[in-house]
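Here are the chains, one letter per residue:
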Amino acid sequence: MRGDAEAHQLIAPRSLGAVLDLLAEEPGKWTPIAGGTEIMVAHAAGRLTAKNLVSLWGIGDLRFLEVRAESIVIGASTTFRDIRTSAVINNELPLLTKAASWIGAIANQSRATLGGNIVNGSPAADSSPALLVYDAEIEMLSARGSRRVTYKEFHTGYKRNALATDELVYAIHIPLRFKEHRLYLRKVGARRAMAISKVALAATACVQDGIINEIRLAGASLAAFPTRLYRTEDALVGQAVTQDTMRAARVKLLAEIVPIDDIRSTAEYRSRVAVNLLEEFLIGLKRAVAAQ
Amino acid sequence: MSPSEKTRIVGTPVLRKEGVDKVMGRARYIDDIEHEGMWHGATVRSTIPRGVIRSVDFDERIDWSEFAIVTVADIPGKNHIQLIFADQPCLADKQVNHCDEAVVLLAHPSKQRLREAADAIHIEYDPLPPVLTIEESELQDVIVWGEDNLIKSFLLEKGNVDAVWALAAHVIEGEYRTGAQEHLYIENNGMIAEWSAESGVTVWGSLQCPFYVHKSLLAVFNLPEDKVRVIQTETGGAFGGKEDYPSTLAAHAALLAMKSGHPVKMIYDRMEDLAATTKRHPSRIRHRTALDLTGKLLAMDIEIATDGGAYATLSSTVLSRATLHSSGPYVCPSVRVRSRAWATNTVPYGAFRGFGAPQAIFAIERHVDEIAAAIGMDPVELRRSNFLHDGDTTATEQVMRDPVILDGLLDKALRESDYYARRARFAKENLHNSVKRGIGIAAFYHGSGFTGSGERYLNSLAGLDVTRDGKVRVLVANTEFGQGTNTILAQIAAETIGIDYADVVIAQPDTSIVPNSGPTVASRTSMVVGRLIERAGKQLVESLREYAELGNEFTSEEFFAACERYRAMKGEVVSLCRYEAPPNIYWDDQQYRGEAYPAFAWSVQVAQVAVDTVTYSAEVEEFWSVQEVGRVLNPVLAGGQIEGGIAQGIGYALYEKVVWQNGHMANNQMTNYIMPTAEDVPPIHVYFEEIPFQHGAFGAKGIGELPHDGPAPAILNAIRDATGVGFCSIPLLPEDIFAKLQLERSVEEPATV
Amino acid sequence: MSASGTTIRITVNGENREVRVPPMKRLLDVLREDLHLTGTKEGCGEGECGSCSVRMNGELVNSCLVPVLQADGASIQTVEGLAQNGSLHSLQEAFLKCGGAQCGICTPGMLMAAAQLLDRNARPSLAEIREGLAGNLCRCTGFVRIFESVMLAATTQIAEVQSESATHAR
């Protein structure tokens, strides 16, 4: 344990309002901590620079799952176990259920939160690709009020996001319009559990009369932050799945992604596997369409 | 010792002796223990792989008077850790020779203040050019150890290989590489040390060999034997990683105890343990093999190179075992093995389950499959037609006097795994599947116990005494660290004497109480030390019959009553026995000829592997292991050893990579050093055959290391079967498979839809 | 609200405990150092090995990743709380019988994870057992006998429940 427990302040205001007031009074001073599965790792390694922490754990107003007519709203402190055990998410948003099962293992899932995963902003984040292809929106809250951005605009750079210094992620809104979409989500890691993504790909697509009329693609560890793969999408929308479109899509994907060499894997491997995953998705799409 | 000899306790699945404490969380590992007035210790380590220490600065912002500080100047005796050579310093003196080498030690009552202080010590170096690979060391451009970087070399010769090449129908070459492997015991290294002028040094800790630590401390402290005491505490996994390293940690903790005047506890955290302690020796092994037209082996020319790291530690004995396992379980009239251990400026490598055999067996068992592919022969039949049988001689001219049942093991392995049927099915299915499956085998032996005259040199003493509260107590220096030492030795004692398993306890391995029965290594404990306990038990019963009126048949009560009568007469009830070498053990250490090992355990393993051509990941889907191990003393423990060894072997093959950056382990966190989880290990099927070994306890031979020898080659042979590509280097990660499976089609070109 | 000491009240294995510790002290360290419950172990400090697993308010957590302030008011179960009235839990019996513990250092966390699994799912399949234990690393056993232990405990527990029902039914 290389961190100094006495060098960090941690307080747990009882209400969301109290937390927001604190962030407003002293912007930039307080770092929110939810399930702690990232912050406490840094603490143990002696790398936790945040001196003042405010706990979000136990604030009921942040941990909820609300089903509305056209969307599901997930509170930022909802844990991945909450997500996995939600029948409605499993029915309506199965990619999110699947992504939740990727987080570490059982003990991590009971503490890691959707909001925490997003705000930590790792390019390898497990929930991000699914959220991106599900057109998620992020609702942010401060003492000044609430505002929303599309998730695809939330990450602005490596570990940088749209939050103002007095803002918290309050909830994630996901539209309920993917029931008929074809879905794909696959993660590639070093082992079947407790693995950080080397690369992952998520896709939602609508095919009509053999033509892709809607497609969303997102990856993990393919850029400095979780992002949609717009150019690859453009190469596919309005197209049938043929040898030529697959070739064009692979080329576009290769040009669009910027994976790196790091301690876990290589850029070349990530690139190659990314195009393989895309191909696996497209072949699956074609087979499903043909089967209808 | 007949195979049908019935036993009541030996051979039965009695419960683990210390099992209740373990499942209740009551077992006390070193970090669970506090000593009154205890301080904590920390180590300041080098950040470069090689250089002269120019200065050591203590930042003014710390009040150093609160701390105990130890440098090389504080060492009362010799600045070295006595193992085989004495080249490894206890603390770096003028130069550092690897990253994470210990330079300064600190102690303080507060762990946190300690951490701040350790960060406040700045060491300046004049860097020297480091040697970081076997190839760089072999070049001998830069000399970093001895005169020539060469820690040890062996030459083993049988017949005349050079006379064969021209005549052979086939000559096949290959080069095989294995990487470093970390033990990853779940309990990190730890010690508590105390020092006083009257009693000398006492250390408690997580360790395999109390008398190794004892011997090292004598030199560091310049103390007589009775002024150093080493006590093993419950140890959470070792695998060889706590065979030699604890000597260094014990010396560090004891120096701090001496300097501070307080007990000092030093527990490594995971990052430090990964970076600074020993790992398995990396290797590069080259084979050149001659065969006749029918695939019979004519000659093997083998070149072994290992990376020993910056100091010798156990490199010479690891190299020895690699040499003696390099030609496989085959008959070959001419063999030459040239092996060398090279020094580099990396963290010194040390003992790890298998001790050179996994490296050597990876090479030969992969090479056999490459030969089979090259000459168009079935790799199973190629092996079978060259297997050793009773009466054959090995590469050291050792005659196989005990039965060798490789054919039987192979047949059973093929049958249980349905090998040929699976192989045929996969060949068909692979054509239409993006996941390619394959099945591969490995056949091997593992020499039980120390090489040659090693046991004679150890001259182990072990035995029993009887406590006043009516227990037989096993007195050995051999340690429990999960493999079942306590249980097995208690079983042997109870069986031999004729009392109940519950009547036997194990003395805590404490050098002031137990005799030196040798280290807990080399798969020797059951076979050698168990035999000493067996003899001691018989000797005790005979003494009680002679002096204390013990009858021919007796109950436990009668036995302990006789013990008390004996105690009244003689003052104590003790029975110790010293090692007696089996007759006709002839071993020439210079020529590397003769009886290399008193016994061999034999095994055939089969791996079914799936290679996903979308992700290039290889996973073991199922695994079978058939082994002949003498006598199975406890089927639950024995099965557990095989399964655990296989899991580690799977990690060695496919998951565990040490990433070096300029001589420092860059992936020194559990999140980045990958071992298989419960979701990754395949179903493992274990089958035992037993041919009792007459000199082993109740017929036992060694078992602990055998299972780690086979998985890596079996797995890579399966991958060859699955993909048609022969990979010759481990760990084999998806990135490596991808690099070689570098597709016929370009990355832009999609598969046919 | 001082960084050096906040009063934390937790129930551990059914007993109410109170400590005064920095709020960012890890629950693992509070259990081991302040409450002297050393059954829970530290293997990695990063939430990777699971040897620090405990149950907090009915959930399995890695106590090395829980700042103790977030455990204020919580009910914690550690391995020391498994055996009841001097009787081993069926999981503990099963681990003994099947060889689920070798060196024993992963065992407390493994037992917690297994207990959590069986409480949620009385008849887990092998795949469910693997998943339930995927966050607990064992270097000794290769997991095989741990799976057997969990299956045996599950069978034992079901039999116990059935025999209790049968008794009640009479």
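All figures in this text were calculated on a predicted structure; none of them were measured in a lab.

## Digging into the overall build of chain C
1) Next: The helix and strand tally for chain C stands at 5 helices and 5 strands.
2) Next: Counted from the first residue to the last, chain C has its helices and strands arranged as β-β-α-β-β-β-α-α-α-α.
3) Next: Against the globule reference of 15 Å for 170 residues, chain C gives a C-alpha radius of gyration of 17 Å, in line with a compact fold.
4) Next: Each of the three principal axes of chain C carries a C-alpha extent, and together these read 55 × 40 × 25 Å.
5) Next: For chain C, the residues scored as buried account for 65% of the 170 residues in total.
6) Next: Residue pairs in contact within chain C that sit at least 24 positions apart in sequence constitute 54% of those at least 6 positions apart.
7) Next: Within chain C, one finds 15 positive and 18 negative side-chain charges whose respective centroids are separated by 3 Å.

## Looking at the packing of aromatic side chains
Residues and elements named next belong to chain B.
1) Next: In total, this model carries 24 aromatic pairs over all chains according to the counting rule given.
2) Next: In textbook terms, an aromatic cluster arises when at least three aromatic residues are bridged by ring pairs, as seen for Y445, Y597, F600 and W602.
3) Next: We note R280 situated over the ring of F352; from NZ or CZ to the ring centre the distance is 4.2 Å.

## Regarding the sheet that holds strand β11 (residues 228-232) of chain B
Residue and element names in this part refer to chain B.
1) Next: Within the open sheet, the 7 strands sit side by side as β3-β5-β1-β12-β9-β10-β11. Their pairing is mixed. If you trace the sheet from one side to the other, it starts and ends with β3 (68-70) and β11, each paired once. Put simply, the sheet's adjacent strands are angled 20° from each other on average, direction ignored.
2) Next: Packing of helix α2 (residues 111-119) onto the sheet brings it into contact with β1 (39-45) and β5 (102-108), and relative to β5 it is tilted by some 150°.

## Remarks on the sheet that holds strand β1 (residues 9-11) of chain A
Where strands meet in a sheet, backbone hydrogen bonds hold them as pairs that are either parallel or antiparallel.
Residues and elements named next belong to chain A.
1) Next: Taken in spatial order, the 3 strands line up as β1-β3-β2 in an open sheet, and their pairing is parallel. Among the strands making up the open sheet, the edge pair consists of β1 and β2 (31-33). Between one strand and the next, the sheet's axes are offset by a mean angle of 30°, whatever the strand orientation.
2) Next: Looking at chain direction, β1 and strand β3 (residues 52-55) are connected through 3 bridges and run parallel. Directly across from Q9, in β3, lies its bridge partner N52.

## Structural notes on the interface of chain A and chain C
1) Next: Tallying the contact residues gives 32 residues for chain A and 31 residues for chain C.
2) Next: Each partner contributes to the roughly 2,600 Å² buried at the junction of chain A and chain C, and carbon and sulfur atoms together form 62% of this total.
3) Next: The partner of E59 of chain C in a salt bridge is R81 of chain A, and the shortest N-O contact between them spans 3.2 Å.
4) Next: Counting across the chain A and chain C interface gives 9 residue pairs in polar contact (both at pLDDT 80 or more).
5) Next: Only β1, α2 (39-44), β3, α3 (80-84) and α6 (106-109) of chain A provide two or more residues apiece to the side of chain A that touches chain C.
6) Next: Here the side of chain A that touches chain C takes 4 residues from α2 of chain A, the largest share from any one element.
7) Next: Looking at the side of chain A that touches chain C residue by residue, the classes come out as 18 nonpolar, 9 polar and 5 charged.

## Focus: the packing of helix α2 (residues 90-98) of chain C against helix α3 (residues 107-120) of chain C
Two packed helices can be described by the angle between their axes and the distance between those axes.
All names here are of chain C.
1) Next: It is the contact of α2 with α3, at a shortest axis distance of 10 Å, that shows an interaxial angle of 125°. Relative to α3, the element α2 lies oblique. The way α2 lies across α3 gives a crossing that is right-handed. Contact with α2, carried on its side by L91, Q92 and F95, involves T107, M110, L111, A114, A115 and L118 of α3 and no other residues of that element.
2) Next: Class assignment of the residues belonging to the contact of α2 with α3 gives a composition of 7 nonpolar, 2 polar and no charged.

## Focus: the pairing of β11 of chain B
Residue and element names in this part refer to chain B.
1) Next: Where burial is concerned, most of β11 is hidden: 4 out of the 5 residues are buried.
2) Next: Pairing of strand β10 (residues 200-205) with β11, which is carried by 5 bridges, proceeds in the parallel orientation. From the neighbouring strand, V201 faces β11, where its bridge partner is V228.

## What to know about the nonpolar core
Looking at soluble globular proteins, one finds that nonpolar side chains tend to be buried together.
1) Next: Membership of the largest hydrophobic core comes to 130 residues, with the highest contact counts inside it found for F281 and L282 of chain A together with I715 of chain B.
2) Next: When neighbours within four sequence positions are excluded, L282 of chain A is seen to be in contact with I212, L236, V241, M246 and A249 of chain A.
3) Next: Counting 52 residues, the second-largest nonpolar core is a separate cluster that includes M675 of chain B together with M110, A113 and I146 of chain C.

## Side note on the confidence of the model for chain C
1) Next: Model confidence for chain C is summarised by a mean pLDDT of 95, while 97% of its residues fall at 70 or above.
2) Next: Scoring of the predicted complex yields 0.98 for pTM and 0.97 for ipTM.

## Re the environment of M569 of chain B
Residue and element names in this part refer to chain B.
1) Next: Following the sequence through the fold, M569 ends up in helix α15 (residues 556-570).
2) Next: Its relative accessible area of 45% is what places M569 among the partly exposed residues.
3) Next: The sequence separation of M569 and P348 amounts to 221 residues, and the corresponding C-alpha distance is 53 Å.
4) Next: Filtering out sequence-adjacent residues up to four positions away, M569 remains in contact with Y547 and A548.

## Observations concerning the interface of chain C and chain B
1) Next: Taken together, the 44 residues of chain C in the interface contact 52 residues of chain B.
2) Next: Buried area between chain C and chain B, summed over both chains or domains, comes out near 3,700 Å², and the portion from carbon and sulfur atoms is 58%.
3) Next: Among the residues chain C hides against chain B, the three largest losses belong to L96, Q102 and R139 of chain C. Together they make up 23% of the total.
4) Next: The interface formed by chain C and chain B contains 6 salt bridges.
5) Next: One salt bridge connects R139 of chain C with E656 of chain B, and the closest N-O pair in it is separated by 2.8 Å.
6) Next: Applying the counting criterion to the chain C and chain B interface returns 23 residue pairs in polar contact (both at pLDDT 80 or more).
7) Next: If you list the elements that add at least two residues to the side of chain C that touches chain B, you get α1 (27-34), α2, α3, α4 (126-132) and α5 (144-169) of chain C.
8) Next: Element by element, the count of residues in the side of chain C that touches chain B is highest for α2 of chain C, at 5 residues.
9) Next: Here the residues of the side of chain C that touches chain B sort into 21 nonpolar, 11 polar and 12 charged.

## So, the state of the cysteines
1) Next: Scanning the model with the defined rule gives 0 disulfides over all chains in all.
2) Next: C728 of chain B provides the cysteine sulfur closest to C332 of chain B, a residue in no disulfide bond, and the two sulfurs are 20 Å apart.
3) Next: C52 of chain C supplies the cysteine sulfur nearest to C64 of chain C, a cysteine that is in no disulfide, at a spacing of 3.7 Å.

## Topic: the side chain of S206 of chain B
1) Next: Relative to the assigned elements, S206 of chain B resides in the loop between β10 and α4 (210-221).
2) Next: Among the polar contacts made by the side chain of S206 of chain B, one reaches the side chain of K242 of chain B at a distance of 3.0 Å.

## Observations regarding the side chain of S128 of chain A
Residue and element names in this part refer to chain A.
1) Next: Relative to the elements of secondary structure, S128 occurs in helix α8 (residues 128-133).
2) Next: The buried category is assigned to S128, whose relative accessible area is 1%.
3) Next: Side chain to side chain, S128 and Y151 meet in a polar contact 2.7 Å long.
4) Next: Other than its neighbours up to four places away in sequence, S128 contacts N117, Y151, H155 and P226.

## Overview of the environment of A288 of chain A
All names here are of chain A.
1) Next: Relative to the assigned elements, A288 resides in helix α12 (residues 267-291).
2) Next: Taking the relative accessible area as the measure of exposure, A288 reaches 17% and is therefore buried.
3) Next: With 264 residues separating them along the chain, A288 and A24 place their C-alpha atoms 52 Å apart.

## A closer look at helix α14 (residues 525-547) of chain B
1) Next: Taking 1.5 Å as the rise per residue, α14 of chain B with 23 residues should run 33 Å; its terminal C-alpha atoms sit 31 Å apart, in good agreement.
2) Next: Looking one or two residues past α14 of chain B, E549 of chain B carries a phi angle of roughly 60°, positive in sign.

## Remarks on the packing of helix α8 (residues 357-375) of chain B against helix α18 (residues 711-723) of chain B
Residues and elements named next belong to chain B.
1) Next: Contact geometry of α8 with α18 gives a least axis separation of 8 Å together with a crossing angle of 25°. On the basis of their axis angle, the class for α8 and α18 is roughly parallel. Considering how the two elements wind past one another, α8 and α18 form a crossing that is right-handed. Together, I361, F362, E365, R366, D369, E370 and A373 of α8 and A712, P713, L716, N717 and R720 of α18 make up the contact between the two elements.
2) Next: Partitioning the contact of α8 with α18 into residue classes produces 6 nonpolar, 1 polar and 5 charged.

Criteria and thresholds
- Residues numbered from 1 in each chain as written.
- Chains lettered and ligands numbered in written order.
- Predicted model: local features only at pLDDT ≥ 70, side-chain atom pairs only at ≥ 80, totals over all residues.
- Heavy atoms only, no water.
- Helix = DSSP H or I, 4+ residues; strand = E, 2+ residues; numbered from the N terminus.
- Rg over C-alpha atoms; globule rule 2.2 N^0.38 Å.
- Buried < 20%, exposed > 50% of the residue type's maximum accessible area, 1.4 Å probe, protein only.
- Contact = heavy atoms within 4.5 Å.
- Lys, Arg positive; Asp, Glu negative; His and termini not counted.
- Charge placed at Lys NZ, Arg CZ, Asp CG, Glu CD.
- Phe/Tyr/Trp six-rings, centres within 6.5 Å; stacked < 30°, edge-to-face > 60°.
- Lys NZ or Arg CZ within 6 Å of the ring centre and 35° of its normal.
- Pairing = 2+ DSSP bridges.
- Axes fitted to C-alpha atoms, helices over the stretch in contact; angles between N-to-C directions.
- Buried area = accessible area lost by both parts, 1.4 Å probe.
- Salt bridge = Lys/Arg side-chain N within 4 Å of Asp/Glu carboxyl O.
- Polar contact = N/O pair within 3.5 Å; in protein donor to acceptor, adjacent residues only side chain to side chain.
- Nonpolar A, V, L, I, M, F, W, Y, C, P; charged D, E, K, R; others polar.
- Parallel < 35°, antiparallel > 145°, perpendicular 65-115°, else oblique.
- Left-handed = near helix turned anticlockwise from the far one by under 90°.
- Core = buried A, V, L, I, M, F, W, Y, C linked by side-chain atoms within 4.5 Å.
- pLDDT = per-residue confidence, 0-100.
- Disulfide = S-S within 2.5 Å.
- Expected span 1.5 Å × (residues − 1).

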